[in-house]
Amino acid sequence: MRKVFLVLFTTALLAAPVAAQVIGEKNDTTEAWNNIKENGKDALKKTGDFFKSTGEDIKQGLNNLKEVKCIGTWSYKGENCTTIITINDDGTMEIEQREGFLKSNYYKGTYSQLLRSLHFTVTKKGAKGWVISADEQTINNSSWYLTYSIQDDPKKMKFTSSDIPEDSDGTDFSKGVIFTKK
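Residues numbered from 1 in each chain as written. Predicted model: local features only at pLDDT ≥ 70, side-chain atom pairs only at ≥ 80, totals over all residues. Heavy atoms only, no water.

What follows concerns the overall build of the protein chain. A tally of regular secondary structure across the protein chain gives one helix and eight strands. Listing every helix and strand of the protein chain by position from the N terminus yields α-β-β-β-β-β-β-β-β. Within the protein chain, buried positions represent 23% of all 182 residues. Sequence-distant contacts, at least 24 apart, represent 39% of the contacts inside the protein chain between residues at least 6 apart. Carbon and sulfur atoms make up 57% of the accessible area of the protein chain, which totals about 12700 Å². (Helix = DSSP H or I, 4+ residues; strand = E, 2+ residues; numbered from the N terminus. Buried < 20%, exposed > 50% of the residue type's maximum accessible area, 1.4 Å probe, protein only. Contact = heavy atoms within 4.5 Å. Areas by Shrake-Rupley, 256 points an atom, 1.4 Å probe, with all protein chains shown as cover.)

In structure tokens:
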């Protein structure tokens with residue numbers, strides 16, 4: 001019995017430092033896990049904030065793309081001719097090419113918008129002025145395509161279209177022309 005007691009006592013003495021180390025490591029491990037848990041919470045919160053902010057930026061960008069920034073009356077004055085593009089928020093549009101007070105050619109219709117382009121469906125065209133009587137014709141589904149780009153000055157817009165007829169000055173709208181908002 002004495003031998004058994006001696007073996008148990010010796011084992012206890014030898015195991016005590018190991019047990020103390022394990023208990024200490026257990027406390028260190030618990031503290032380490034608590035640190036990992038707190039750091040993980042912070043990382044997830046920062047990741048969530050990042051995605052929330054990015055989502056709001058994307059939403060704002062999409063809303064900007066949906067907004068038709070070219071609504072209004074835009075004018076380009078050449079040497080002898082003025083081209084006026086009127087884009088209304090009700091979906092109607094008109095392009096008029098004026099040669100002073102003498103003559104004016106116009107195109108009326110509706111438009112749809114996608115990103116920075118307009119699909120103009122011309123339904124009527126005509127001419128009017130002092131030297132000619134008003135002459136209007138109905139057109140069946142003539143489609144014109146225009147692109148526009150916003151300039152640094154919000155009162156300036158560049159319109160490009162190979163469908164807009166050259167004006168009497170010979171302006172080629174397919175190369176892009178800067179218009180000024182009225």
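So, next bit.
Looking now at the pattern of salt bridges. All chains considered together, the criterion is met by two salt bridges. A salt bridge links Arg-98 to Glu-96; its shortest N-O distance comes to 3.2 Å. When its relative accessible area of 35% is taken as the criterion, Arg-98 is described as partly exposed. Among the residues examined, Glu-96 registers a relative accessible area of 10% and is labelled buried. The partner of Asp-172 in a salt bridge is Lys-175, and the shortest N-O contact between them spans 3.6 Å. (Salt bridge = Lys/Arg side-chain N within 4 Å of Asp/Glu carboxyl O.)

Attention now goes to unusual backbone geometry. Backbone geometry follows two general trends: most residues other than glycine have a negative phi, and most peptide bonds adopt the trans configuration. With a phi angle near 50 degrees, Leu-115 is a residue other than glycine that sits in the positive phi range. The topology assignment puts Leu-115 in the loop between strand S4 (103-114) and strand S5 (117-128).

Below, the discussion takes up the pairing of strand S2 (residues 82-87). The element S2 is extensively covered by neighbouring structure, given that six of its six residues are classed as buried. Here strand S1 (residues 72-77) runs beside S2; their pairing, made up of six bridges, is antiparallel. Directly across from Tyr-76, in S2, lies its bridge partner Thr-83. Here S1 hands over to S2 after four residues, the two strands then running antiparallel side by side. Across six bridges, the pairing between S2 and strand S3 (residues 92-99) is antiparallel. Bridging across to S3, Thr-86 finds its partner in Glu-94. Here S2 folds back onto S3 in antiparallel fashion, the turn holding four residues, of which Gly-91 has a positive phi close to 95 degrees. (Pairing = 2+ DSSP bridges.)

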